[in-house]
Amino acid sequence: MRGKLLIGRSIDTGSWVHGVDPRAKLTAMLLYLIAIVAVGSWPALGVAAVFSLAYMTATKIPLNYYVRAAKPLWVLMVFIFAVQCFTVTEGTVLWQIGSWTLYSGGVSLGLISASRMALLVSFTAILTFTTTPGLLNQGMAGVLKPLEAIGISAQRLTLMMSIALRFIPTILDESQKIVKAQAARGADLRELPWKEKGRMLVSLLVPVTVGAFRRAEELVLSMESRGFQIGAPRSEYHLLVWKRRDTWFVLSFAILAAGVLAYRFLM
Amino acid sequence: MAITFEEVSYAYDDGSLWRSGALERVELEIRPGTFTGIAGTTGSGKSTLLQHFNGLLKPTAGRVRVLDAVVNAREKAPKMRELRRRVGLVFQFPEQQLFEDTVEKDICFGPLNFGMSLAEAKERAKWALSLLGLDESVLQRNPFHLSGGQMRKVAIASVLAMDPDIIALDEPTATLDPQSRAELAALLSTLHREQGKTVIVVTHRMEELLPYADGWVIMKNGRTLFQGTTDALVREAAFLEQEGLAIPECITLWNKLAAEYGLEAEKPCLTPESLADRLAEVLAAEGGAGEREGRRA
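Quantities reported herein were computed from a predicted structural model and do not represent experimental measurements.

Quick notes on the rules
Residues numbered from 1 in each chain as written. Chains lettered and ligands numbered in written order. Predicted model: local features only at pLDDT ≥ 70, side-chain atom pairs only at ≥ 80, totals over all residues. Helix = DSSP H or I, 4+ residues; strand = E, 2+ residues; numbered from the N terminus. Rg over C-alpha atoms; globule rule 2.2 N^0.38 Å. Buried ≥ 20, exposed ≤ 12 C-beta atoms within 10 Å, placed from the backbone. Contact = placed C-beta atoms within 7 Å. Domains from an automatic or database assignment. Nonpolar A, V, L, I, M, F, W, Y, C, P; charged D, E, K, R; others polar. Axes fitted to C-alpha atoms, helices over the stretch in contact; angles between N-to-C directions. Parallel < 35°, antiparallel > 145°, perpendicular 65-115°, else oblique. Core = buried A, V, L, I, M, F, W, Y, C linked by C-beta atoms within 7 Å. Pairing = 2+ DSSP bridges. Expected span 1.5 Å × (residues − 1). Arc of directions from axis to C-beta.

We now examine the overall build of chain B. Counting its secondary structure elements, chain B contains 12 helices and 10 strands. Since a compact globule built from 297 residues should have a radius of gyration of about 19 Å, the 21 Å found for chain B is in line with a globular shape. Residues classed as buried in chain B amount to 40% of the 297 residues present. For chain B, the share of sequence-separated contacts (at least 6 apart) that also reach a separation of at least 24 residues comes to 61%.

It is worth spelling out the environment of Thr4(B) at this point. Residue and element names in this part refer to chain B. By the element assignment, Thr4 lies in strand β1 (residues 3-12). Its 16 C-beta neighbours within 10 Å are what place Thr4 among the partly exposed residues. Apart from the residues within four sequence positions on either side, Thr4 is in contact with Leu28, Glu29 and Arg65.

To continue, consider the domain arrangement of chain B. Residue and element names in this part refer to chain B. Split into domains, chain B comes out as domain 1 (3-241) and domain 2 (248-297). Between the C-alpha centres of domain 1 and domain 2 the distance comes to 35 Å. With seven residues of domain 1 at the interface, the matching set in domain 2 holds 10 residues. Here the residues of the side of domain 1 that touches domain 2 sort into five nonpolar, no polar and two charged.

Time to look at the interface of chain A and chain B. Taken together, the contacts link 17 residues of chain A with 22 residues of chain B. At the level of secondary structure, the elements contributing two or more residues to the side of chain A that touches chain B comprise α7 (154-184) and α8 (194-225) of chain A. Sorting elements by how many residues they give to the side of chain A that touches chain B places α7(A) first, with eight residues. Each residue belonging to the side of chain A that touches chain B can be placed in one class, and the counts come to eight nonpolar, three polar and six charged.

Now for the domain arrangement of chain A. Residue and element names in this part refer to chain A. The domain architecture assigned to chain A consists of domain 1 (1-152 + 238-267) and domain 2 (154-230). Each of domain 1 and domain 2 has a C-alpha centre, and the two are 29 Å apart. Opposite the 14 residues of domain 1 that make contact, domain 2 presents 13 residues. Class assignment of the residues belonging to the side of domain 1 that touches domain 2 gives a composition of nine nonpolar, two polar and three charged.

Next up on the list: the packing of helix α2 (residues 42-58) of chain A against helix α9 (residues 244-266) of chain A. All names here are of chain A. As a packed pair, α2 and α9 sit with axes 10 Å apart at the nearest point and diverge in direction by 170 degrees. Between α2 and α9, the crossing angle belongs to the class labelled roughly antiparallel. Touching Ala44, Val47, Ala48 and Phe51 of α2 are Leu256, Gly259, Val260, Tyr263 and Arg264, all from α9. Residue composition of the contact of α2 with α9, grouped by class: seven nonpolar, one polar and one charged.

As a further point, take the nonpolar core. By size, the foremost hydrophobic cluster in this structure holds 81 residues, and its most contacted members are Ile38(B), Phe53(B), Leu89(B), Ile107(B), Ala157(B), Ala168(B) and Val201(B). Setting aside anything within four residues of it in sequence, one finds Val201(B) in contact with Gly37(B), Ile38(B), Leu169(B), Pro172(B), Leu188(B) and Leu209(B). In terms of nonpolar packing, the next biggest core, distinct from the first, is built from 29 residues, Ile36(A), Val39(A), Ile126(A) and Phe129(A) among them.

Moving on, we get to the sheet that holds strand β8 (residues 198-202) of chain B. Each strand in a sheet pairs with another by means of backbone hydrogen bonds, the pair being arranged parallel or else antiparallel. Residues and elements named next belong to chain B. Taken in spatial order, the six strands make up an open sheet running β6-β7-β8-β3-β9-β10, and their pairing is mixed. Of all strands in the sheet, those with a lone pairing partner are β6 (87-90) and β10 (223-229), marking the two edges. Pairs of neighbouring strands in the sheet enclose a mean axial angle of 15 degrees, with direction left out of account. Pairing between strand β7 (residues 166-170) and β8: five bridges, direction parallel.

Before going further, it helps to examine the environment of Gln97(B). By secondary structure assignment, the location of Gln97(B) is in the loop between β6 and α3 (103-113). In this structure, the C-alpha to C-alpha distance between Gln97(B) and Ser158(B), residues 61 residues apart in sequence, is 9.5 Å.

Turning our eyes to something else, we now look at α2(A). All names here are of chain A. Over its 17 residues, α2 runs 24 Å from end to end, which matches the ideal 24 Å to within 8%, given 1.5 Å per residue. Turning to α2, its buried residues number three or more, namely Ala44, Ala48, Phe51, Ser52 and Met56. Looking straight down α2, one finds that the buried residues subtend no more than 135 degrees of arc, so they occupy a single side. Away from its buried face, by an angle of more than 90 degrees, α2 presents the exposed residues Trp42, Pro43, Gly46, Val50, Ala54 and Thr57.

Next up, the structure:
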């Protein structure tokens, strides 16, 4: 189960992208998101794809890991493609069944939307692949700092996020252990008929949820016993230092976003 | 053979960047009807080894034979249901093994899966609980509200209720009080002697099992460092200690005394009673000098 899930696991290959300031990476991802949302034509998609591939290669992480990161969302991509095919009525008629007509514009737009989705998911995986959860949190705290001016505690938000991220693998491990315990006593998920499988998965929910609450309680106690207090000043283990490279990194994304936006709205 | 390992290797997350090897070319033979202890430092692969016994883990290389089932690294795993009935596995942390909302349901889970009627399964649950010395009143309680020791006992009961031929336990005495530890070791020994079960126990407290175990497996870094009888273990103690294994004091003491009185060829006496008796005999045979020597020992 864990082997298949890639969310929130960092892969250390020591590339220069790994060393980029997490705040720069977070800002860059936001710019990338803007760029991808603005992509609406084949040339723009092509540019975004080349840009993404270049950065993916620079991380030195095998490309198939990015493919695997996007894989769990294939149903959504197929759905997006289908919706475009059904609703768009531009371009030439490709196919006609009864009252429904498939237009070339629909297929084209559907393909663009699905690829956009794939690019977005696999590319943003760079963030978690190249940044350890601790650094990611620190980056998050840095990016959210301006919010404190309007009375939102950045520390509270990042703490919440770090715990959530931290617990994904733990809860997965825990459910796997229960699956194993059930298998050891004659109820192997792989060998059961579909109906039974569903019943077993539901029976898994209760102990896993109970376990998560128990863990949360233990965590609170252990943090409090070590003097953690929300809002209290804390020293950092790693100090984030903004370098010139980080500026260039963000700038490259800003140029991409600006370019895509300009192409979309000015041409 | 009850269990045979042929050059078995296992790696977690095999074929990915997070691959971590846990077993390396392990060779193992456990005869049916024996009581085997498995020891070794933490992280030496004991728990991973155990999960191969009932096919929960499939080796990434090599072949595992358990009873009449064969699990081969390269082939698709066969149906494990029958094997799982015959091989009961008690996990290291009982709270991760219990998942139902009452103790009774939890213990009945295995028997029901293997085709027992509900009434039979409930009978079994009561029987298994009584074996572990737990009161029937816990049957209707939530297993997660029990104490650590009680939880451990329920976890063991839930496996014994399936009446397996091979019982494998992962550090079963870890959270028990001294009295329960001794009782559990005695219970396992009874199951082994009177019902002919094959019992395999992973432990960090070798001394607890020494009176009962016929054979030992010592693991280090995913390999078997030693496999043999308890007597052989006593003879190899110096080597194993060198390799970082904590040798129980009774073995060290026996080896010291054996060297002093020339008893190396004998069957080691590892309980205080048997050692005292044996020493008394030796000293009586030596006559007058015995009194002084006895005090020293």
